[in-house]
Amino acid sequence: MAKKSKLRTLLVRDPRQRKVLTSPVRLEILGHFTSSDPLSVSDIAARMGRPATAVYYHVHKLAEVGLVEPVGSRPSGKREETLFRPVADQFDLTPDRTN
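Note that the structure is predicted; figures quoted are calculated from it, not measured. (Residues numbered from 1 in each chain as written. Predicted model: local features only at pLDDT ≥ 70, side-chain atom pairs only at ≥ 80, totals over all residues. Heavy atoms only, no water.)

Caption draft 1: Spotlight on the packing of helix α2 (residues 24-31) against helix α4 (residues 52-64). The interhelical angle for the contact between α2 and α4, taken along N-to-C directions, is 80 degrees, at an axis separation of 10 Å. Here α2 is positioned roughly perpendicular relative to α4, judged by the angle of their axes. For the pair α2 and α4, contact is made by Val25, Arg26, Ile29 and Leu30 and by Val55, Tyr57, His58, Val59, Lys61 and Leu62, respectively. Tallied by class, residues from the contact of α2 with α4 come to seven nonpolar, one polar and two charged. (Axes fitted to C-alpha atoms, helices over the stretch in contact; angles between N-to-C directions. Helix = DSSP H or I, 4+ residues; strand = E, 2+ residues; numbered from the N terminus. Parallel < 35°, antiparallel > 145°, perpendicular 65-115°, else oblique. Contact = heavy atoms within 4.5 Å. Nonpolar A, V, L, I, M, F, W, Y, C, P; charged D, E, K, R; others polar.)

Caption draft 2: Structural context of the nonpolar core. Residues Ile29, Ile44, Val55, Val59 and Leu62 are the most contacted members of the largest nonpolar core, which totals 19 residues. Looking at this core, the elements that each hand over two or more residues are α2, α3 (41-48) and α4. Top element by residues in this core is α3. It accounts for four residues. Every residue in contact with Val59, bar those within four places of it in the chain, is listed here: Ile29, Val41, Ile44, Val68 and Phe84. (Core = buried A, V, L, I, M, F, W, Y, C linked by side-chain atoms within 4.5 Å. Buried < 20%, exposed > 50% of the residue type's maximum accessible area, 1.4 Å probe, protein only.)

Caption draft 3: Region of the structure containing the side chain of Ser40. Among the secondary structure elements, Ser40 is positioned in strand β2 (residues 39-40). By relative accessible area, Ser40 is classed as buried at 0%. Not counting chain neighbours up to four residues away, the residues in contact with Ser40 comprise Arg74, Glu81, Thr82 and Leu83.

Structure follows, in structure tokens:
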């Protein structure tokens, strides 16, 4: 019997994280992580049909607030490209009603 994997959900309460997630481009980027395989900026850009330079900015904004994390690198021509993975499978933006 196949083992079911449990989805990891991050309850997003940090105002910086919430602000970063107001960008439709950043939400689209997170949507491209459909498996446990990490992706590079160039992988995401190719899937989105956008220039890697445009995607780079948004991926790094997601990383700055801890929504994606670097998990390794791989050779790409004469340089290394960083691989990223989201810190959760789902992001819960439900407003905090306890305040």
